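So the chains spell out like this:
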Amino acid sequence: MGLIKGILFDKDGTLVDFDATWFAIGDSMALKAAGGDRKRANDLLAAAGYDFAAGKFRADSVFAAGTNADIVALWYPEADPARRGSIVAEFDRFTAEAGAAGCVPLPGSREAVATLHASGYRLGVATNDSTTGAEKTLLTLGVAHMFDAAYGYDAVPRPKPAPDTIIAFADMTGLKPSEIAMVGDNRHDLEMARAGGAGLAVGVLSGTGTRDSLASMADVILDSIADLPALLDR
């Protein structure tokens, strides 16, 4: 633990409550894709990973772990590349604004970030949301000044689970990947940690992931990032 000098956080399910923040947004996007057809919209939500019986998004589903480009590819399979690109840009704008405006911080997340920042850790966000969406959310949460960088899917050549964001953060901070911890609630967060040579892969149970879905990839699993300062102090 003493070798860790930087921390990359996933955003949704790690810093903010995934379902409380994103269900209404996803529902609006699905209704648009379905042309206002409620049943069709529900089918699209289910295909993207919403479990209506459980009332939450499934771990590692397209909506929980993918990018807007992944969602558009799933919901608009007949669209040509130009049309898909236009829809992705529209969804990026909508989710950046709505996701930031409606973000619900997880209990203890802001306090944990403040403690880690005060302790001298270099902090970053690695999300498959857009970079603008990540930056706006950090501003809404009141913690933007504590972060060195925010990386969306559009900030690197290859988003999670590829290692590009680990490499970019290491280059920007001057840290080695082995000095960086990656913290997230889905397998793709931990897969990126492994692919990028991160020194610590931390799974959290505050989002869509479960202990079973994270166990094989995580060095340690916490209830939430509220427990992270104590872990690193050890």
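Residues numbered from 1 in each chain as written. Predicted model: local features only at pLDDT ≥ 70, side-chain atom pairs only at ≥ 80, totals over all residues. Heavy atoms only, no water.

**Overview of the overall build of the protein chain**
Line of reasoning, step 1. A count of helical and extended segments in the protein chain gives 11 helices and 8 strands.
Line of reasoning, step 2. The C-alpha radius of gyration computed for the protein chain amounts to 17 Å, which stays within 12% of the reference 17 Å derived for 234 residues, consistent with globular compactness.
Line of reasoning, step 3. Once the C-alpha set of the protein chain is aligned to its principal axes, its extents read approximately 55 × 35 × 35 Å.
Line of reasoning, step 4. Across the 234 residues in the protein chain, those meeting the buried criterion constitute 53%. (Helix = DSSP H or I, 4+ residues; strand = E, 2+ residues; numbered from the N terminus. Rg over C-alpha atoms; globule rule 2.2 N^0.38 Å. Buried < 20%, exposed > 50% of the residue type's maximum accessible area, 1.4 Å probe, protein only.)

**Here we look at the side chain of Thr-173**
Line of reasoning, step 1. Mapping Thr-173 onto the fold places it in helix α8 (residues 164-173).
Line of reasoning, step 2. Looking at Thr-173, its side chain comes within polar contact range of the main-chain oxygen of Phe-169, at 2.8 Å.
Line of reasoning, step 3. Within the structure, the side chain of Thr-173 is placed 3.3 Å from the backbone nitrogen of Leu-175, a separation counted as a polar contact. (Polar contact = N/O pair within 3.5 Å; in protein donor to acceptor, adjacent residues only side chain to side chain.)

**A few points about the pattern of salt bridges**
Line of reasoning, step 1. Scanning the model with the defined rule gives 13 salt bridges in all.
Line of reasoning, step 2. A salt bridge links Asp-10 to Lys-160, with the nearest nitrogen and oxygen atoms 3.0 Å apart. Of this pair, Asp-10 sits in the loop between β1 (6-9) and α1 (18-33) while Lys-160 sits in the loop between β5 (149-151) and α8, and the two are 150 residues apart along the sequence. For the pair shown, Asp-10 and Lys-160 are each scored as buried. (Salt bridge = Lys/Arg side-chain N within 4 Å of Asp/Glu carboxyl O.)

**Re the sheet that holds β5**
Line of reasoning, step 1. Strand order in the open sheet formed by 6 strands is β5-β4-β1-β6-β7-β8, with parallel pairing between adjacent strands. Of all strands in the sheet, those with a lone pairing partner are β5 and β8 (220-222), marking the two edges. Within the sheet, the average angular offset between the axes of one strand and its neighbour, ignoring direction, is 25°.
Line of reasoning, step 2. Alignment of β1 against strand β4 (residues 122-126), held across 4 bridges, turns out to be parallel. Bridge assignment links Phe-9 to a residue of β4, and that residue is Val-125.
Line of reasoning, step 3. On top of the sheet, α8 reaches β1, β4, β5 and β6 (180-184); it is set at about 150° to β4, its chief contact. (Pairing = 2+ DSSP bridges. Axes fitted to C-alpha atoms, helices over the stretch in contact; angles between N-to-C directions. Contact = heavy atoms within 4.5 Å.)

**Let's talk about the pairing of β6**
Line of reasoning, step 1. In terms of residue burial, β6 counts as a mostly covered element, since 5 of its 5 residues are buried.
Line of reasoning, step 2. By the alternation rule, side chains of β6 split into Ile-180, Met-182 and Gly-184 and Ala-181 and Val-183, which are all buried.
Line of reasoning, step 3. Relative to β6, β1 runs parallel, the two sharing 4 bridges. Paired with Gly-6 across the two strands is Ile-180, which belongs to β6.
Line of reasoning, step 4. Of the strand pairs in this sheet, β6 and strand β7 (residues 200-204) are connected by 4 bridges, and their pairing is parallel. Opposite Val-183, over in β7, you have Val-202 as the bridge partner.

**What about the packing of aromatic side chains?**
Line of reasoning, step 1. Here the structure, examined in full by the defined rule, presents 10 aromatic pairs.
Line of reasoning, step 2. Between Tyr-76 and Phe-91, the aromatic rings sit 6.4 Å apart at their centres with planes inclined by 65°, giving edge-to-face as the arrangement. Of this pair, Tyr-76 sits in the loop between α4 (68-75) and α5 (81-101) while Phe-91 is found in helix α5, placing the two residues 15 residues apart along the sequence. Across this residue pair, the class does not change: Tyr-76 and Phe-91 are buried.
Line of reasoning, step 3. An aromatic cluster is built from Phe-18, Trp-22, Phe-23, Tyr-50, Phe-52, Phe-57 and Phe-63, whose rings are joined through pairwise contacts. (Phe/Tyr/Trp six-rings, centres within 6.5 Å; stacked < 30°, edge-to-face > 60°.)

**Quick look at helix α6 (residues 109-118)**
Three or four residues apart is the spacing at which side chains of an α-helix point the same way, because the helix has 3.6 residues per turn.
Line of reasoning, step 1. Listing the buried residues of α6 in full gives Ser-109, Ala-112, Val-113 and Leu-116. Each buried residue of α6 lies within a common arc of 100° when the element is viewed along its axis, so the set occupies one face. Facing away from the buried side of α6 by over 90 degrees, the exposed positions are Glu-111 and Ala-118.
Line of reasoning, step 2. Along its buried surface, α6 packs onto β1, β4 and α11 (228-233). (Arc of directions from axis to C-beta.)

**Here's the deal with the nonpolar core**
Line of reasoning, step 1. Of all hydrophobic cores here, the largest spans 29 residues; its most connected members are Ile-7, Phe-9, Leu-15, Phe-147 and Leu-228.
Line of reasoning, step 2. Contributing elements (two or more residues each) for this core: β1, α6, β4, α7 (131-141), β6, β7 and α11.
Line of reasoning, step 3. Setting aside its immediate chain neighbours within four residues, Phe-147 contacts Phe-9, Leu-15, Val-113, Leu-123, Gly-124, Val-125 and Leu-138.
Line of reasoning, step 4. Core analysis: the next-biggest nonpolar cluster, separate from the first, contains 24 residues, Met-29, Ala-30, Tyr-50 and Trp-75 among them. (Core = buried A, V, L, I, M, F, W, Y, C linked by side-chain atoms within 4.5 Å.)

Functional significance is not addressed by these values, which are geometric in nature.
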